[in-house]
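# Chains, contacts and geometry: an overview
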Amino acid sequence: MSTMSFSDPRLAKLNGFSVELNEAKQRADIVLNRPPLNVIEMPQRDQLRLIFEALDEDERVRVIVLRAVGEHFSSGGNIKGFMEASPEHVSKLAWNIAAPARCAKPVIAVNRGYCFGVGFEISLACDFRIVSETCLYALPEQKLGQIPGSGGSARLQKMVGITRTKDIVMRSKRISGKQALDWGVATECVPDDKLEAATDSLVDELLTFSPIAQRTAKKLLNDTEDSTLAIAIELEGHCYSRLRQSDDFKEGVEAFHAKRPAKFKGS
């Protein structure tokens, strides 16, 4: 992997993380790098949003991986930073942390050890969460006299329901990687020493699919999460109809009948 550089002057010096590009794999890794706990500073959240937006536009990148250095993904935010930040800045937190969800490309969060507060919230905004058995998810804001402020309780409630969300949010309860898998929060839970291999495997798998079909599926699922069943089915039909005109669909059908792997181009 090579370290990526960006022309945007706001990204001249990344705050507590780096970005690595593997062009051969069409993969970009955003790597939290402020060990031992990878605390996410306030300015870092603005930069993370900008990085996701930049990678979304980069034609060399098909899949984005969000991971961290060390035994913990992130213990959360810098508590002092909340008191020092302006109300205007704080009001942008949820928008910044939702950047993985807005990104058209697949985003994988790789979680081990502590994944608390904003660390959990940005992971929830990703499409896939590969976790190790050491992973502990938590939204501990109640201990500070606060509530999650970057979409954590809202996203979690959609995934696990109001009863389990109240248990996690109102009691600052920690849940293990295995429990997260059982509840549908984690995509996959593996032994700690298998975490990177599981991530690599998922990246390789995602690269075998049509980029345009992936983008369409992600947007459709995100856009219909709160819709009625009838509207979701209607929008699914429109998306299906549009994809029927794509080069990738034609290639997929031809490859199926020829009993060969499809070579998708994303058009």
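Everything below is about the structure shown above.
The notes below deal with the structure included here. (Residues numbered from 1 in each chain as written. Predicted model: local features only at pLDDT ≥ 70, side-chain atom pairs only at ≥ 80, totals over all residues. Heavy atoms only, no water.)

### Description of the overall build of the chain
Helices and strands together make up the secondary structure of the chain, namely 13 helices and 10 strands. Compactness check: the chain gives a C-alpha radius of gyration of 19 Å against a globular reference of 18 Å for 267 residues, within 12% of the reference. C-alpha atoms of the chain, sized along the principal axes, occupy 60 × 45 × 40 Å. Of all 267 residues assigned to the chain, the portion counted as buried reaches 43%. By element, 54% of the accessible surface of the chain is carried by carbon and sulfur atoms, the whole surface being about 14,100 Å². The distance from the centre of the 36 positive side-chain charges to the centre of the 36 negative ones in the chain is 1 Å. (Helix = DSSP H or I, 4+ residues; strand = E, 2+ residues; numbered from the N terminus. Rg over C-alpha atoms; globule rule 2.2 N^0.38 Å. Buried < 20%, exposed > 50% of the residue type's maximum accessible area, 1.4 Å probe, protein only. Areas by Shrake-Rupley, 256 points an atom, 1.4 Å probe, with all protein chains shown as cover. Lys, Arg positive; Asp, Glu negative; His and termini not counted. Charge placed at Lys NZ, Arg CZ, Asp CG, Glu CD.)

### Focus on the sheet that holds strand S9 (residues 175-176)
Read across the open sheet, the three strands follow the order S6-S8-S9; overall the sheet is mixed. Only two strands of the sheet have a single neighbouring strand rather than two, namely strand S6 (114-116) and S9. (Pairing = 2+ DSSP bridges.)

### Structural notes on the pattern of salt bridges
A complete count under the given rule lists 16 salt bridges for this structure. A salt bridge links Arg-27 to Asp-29; its shortest N-O distance comes to 2.7 Å. Comparing Arg-27 with Asp-29 shows no difference in burial state: the two are buried. In this structure, Glu-53 and Arg-49 form a salt bridge, with 3.3 Å as the shortest nitrogen-oxygen distance. Pair noted here: Glu-53 and Arg-49 are both in helix H1 (residues 42-57), with a separation of four residues, about one helical turn. Assessed through its relative accessible area of 16%, Arg-49 is described here as buried. Salt bridges here are not isolated pairs; linked through shared partners, they connect Glu-20, Arg-27, Asp-29, Arg-67 and Asp-200. (Salt bridge = Lys/Arg side-chain N within 4 Å of Asp/Glu carboxyl O.)

### Some details on the environment of Asn-78
Checked against the element boundaries, Asn-78 lands in the loop between strand S4 (63-68) and helix H2 (79-84). Given the relative accessible area of 24%, Asn-78 is considered partly exposed. If sequence neighbours within four positions are ignored, Asn-78 has contacts with Val-39, Ile-40 and Glu-41. (Contact = heavy atoms within 4.5 Å.)

### A closer look at the packing of aromatic side chains
Enumeration according to the criterion identifies two aromatic pairs in this entry. Ring plane angle 25° and centroid distance 4.8 Å describe the contact between Tyr-114 and Phe-116, whose orientation is recorded as stacked. Classification of Tyr-114 by relative accessible area gives partly exposed; the value is 27%. Phe-116 sits in the buried class, given a relative accessible area of 7%. Their ring planes at 10° and their centres at 4.3 Å tell us that Phe-120 and Tyr-137 sit as a pair that is stacked. With Phe-120 in helix H6 (residues 118-124) and Tyr-137 in strand S8 (residues 136-138), the pair connects residues that are 17 residues apart, well separated along the chain. Of the two residues, Phe-120 and Tyr-137, both sit in the buried class. (Phe/Tyr/Trp six-rings, centres within 6.5 Å; stacked < 30°, edge-to-face > 60°.)

### Description of the layout of surface pockets
Space inside the largest pocket adds up to approximately 820 Å³. Lining of the largest pocket is provided by 31 residues; of these, Cys-126, Asp-127, Lys-218, Leu-221 and Asn-222 occupy positions nearest its centre. Secondary structure elements with two or more residues in the lining of the largest pocket: helix H5 (99-102), strand S7 (128-132), helix H7 (152-160) and helix H11 (211-223). The biggest single contributor to the lining of the largest pocket is H11, with nine residues. (1 Å grid on protein atoms, 1.4 Å probe; cavity = no way out; pocket = protein on both sides within 12 Å on 5 of 7 lines; lining within 4 Å. Points joined across faces, edges and corners; volume = space filled by probe spheres on them.)

### Some words on helix H10 (residues 195-206)
Its 12 residues give H10 an end-to-end C-alpha distance of 17 Å, which sits within 8% of 16 Å, the value for a rise of 1.5 Å per residue. Here H10 has its buried residues at Leu-195, Ala-198, Thr-199, Leu-202, Val-203 and Leu-206. Projection of H10 onto a plane perpendicular to its axis shows the buried side chains occupying an angular sector of 135°, all on one side. On its buried face, H10 sits against strand S3 (27-32), S4, strand S5 (107-111), S7, strand S10 (188-190) and H11. (Expected span 1.5 Å × (residues − 1). Arc of directions from axis to C-beta.)

This is a description of form; function is not addressed.
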